[in-house]
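What follows is the residue order along each chain.
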Amino acid sequence: MIAKLKGVLAEKHPNLILINVNNIFFEVNISLNCYSALPTVGNEIELPVITIFREDSVSLYGFSSNEEKKLFTMLNTVSKIGPKLSLSILSTIPVEKLKIAIKTKDINLISSAPGVGKRTAERIILELRDKIEDDILNCLELDKDSSDSDILSALLNLGYKRNDCINAMKKIDPSVKGFEERFREALKLLSNI
């Protein structure tokens, strides 16, 4: 099974990329969130992937982080949810926001993803609520600024530990507003750890 691919980004489209690994081109399905985190074509990338075998095909699915990969795997365990619907959900809702939505039973946010109705959202919550780490509840204590979950996701993608990120974000002065300013402050605080 292929767990990661490292190579040159040969092509990128909002739902699909080609990675050149020693002149073997791998076609990888991705979410929109993964697409926005990719470098420009021609740069080297390393991407966590999952290989899914079906009767009529073998497909690779790539992710911007191990967290996104883990949540994709969890979504695929929910009855009547396959890889395409899982990718659709992850394209619509960032990883941290989706985890919070599952923990807080936010049916409206989950059902905002294309192809996900109220019943499917309820099924996702029912089957995954206890599987989502309890440390996600710490995220609920963050400033209610909608950019905080995006900042947390960006910091996690940079390789910082979740608890360090949450603690740093709690220390940010509440008068600091906006994604860029709060992100810079969080990076300053994390560099002192």
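What comes next is a walk through the structure. Every value quoted in this text rests on a predicted model; they were computed, and no experiment measured them. (Residues numbered from 1 in each chain as written. Predicted model: local features only at pLDDT ≥ 70, side-chain atom pairs only at ≥ 80, totals over all residues. Heavy atoms only, no water.)

1. Brief notes about the overall build of the protein
In plain terms, the rule: Only runs of H or I of at least four residues qualify as helices and only runs of E of at least two qualify as strands under DSSP, and these elements are numbered from the N terminus. Computation of the radius of gyration draws on C-alpha atoms alone. For the globule rule, the value is 2.2 Å times the number of residues to the power 0.38. The cut-offs for exposure are 20% and 50% of the maximum accessible area for each residue type, with area from a 1.4 Å probe on protein chains only; residues under the lower value are buried, those over the upper are exposed, and the others partly exposed. Contact definition: two residues touch when any of their heavy atoms are within 4.5 Å.
Assigned secondary structure in the protein consists of 10 helices and five strands. Taken over C-alpha atoms, the radius of gyration comes to 17 Å for the protein, in line with the 16 Å a tight globule of 193 residues would show. In terms of overall dimensions, the protein has a C-alpha envelope of 55 × 40 × 25 Å along the principal axes. Within the span of the protein, comprising 193 residues, buried residues form 42% of the whole. Long-range contacts, defined here as pairs at least 24 residues apart, represent 55% of the contacts in the protein between residues at least 6 apart.

2. Examining the nonpolar core
Inside soluble globular proteins, nonpolar side chains tend to come together where they are buried. Heads up, the condition is: Residue types Ala, Val, Leu, Ile, Met, Phe, Trp, Tyr and Cys, when buried and joined through side-chain atoms within 4.5 Å, form a set referred to as a nonpolar core.
Within the largest apolar cluster, 27 residues are counted, with the highest numbers of intra-cluster contacts made by F72, I89, L98, I110 and I124. With near-sequence residues (within four places) excluded, I110 lies in contact with I93, L98, A101, I102, V116, A121, I124 and I125.

3. Some words on the sheet that holds strand β3 (residues 24–29)
We count it as follows: Here a strand pair is declared whenever DSSP counts at least two bridges between the two strands. Helix axes are fitted only over the stretch in contact, all axes being lines through C-alpha atoms; the angle between N-to-C directions runs from 0 to 180 degrees.
The strand order β1-β2-β3-β5-β4 describes a closed barrel built from five strands, whose pairing is mixed. The average undirected angle you get between the axes of adjacent strands in this sheet is 55 degrees. Strand contacts of helix α2 (residues 66–77): β4 (44–53) and β5 (58–62), with the helix running at about 10 degrees to β4, the strand carrying the most contacts.

4. Section: the pairing of strand β1 (residues 4–13)
Alignment of β1 against β4, held across five bridges, turns out to be antiparallel. Bridged to V8 within β4 is E44. In this structure, β1 lies alongside strand β2 (residues 16–21), joined through five bridges in antiparallel fashion. Residue pairing across strands places K12 opposite I17, the latter belonging to β2. From the end of β1 to the start of β2, which pair antiparallel, there are two residues.

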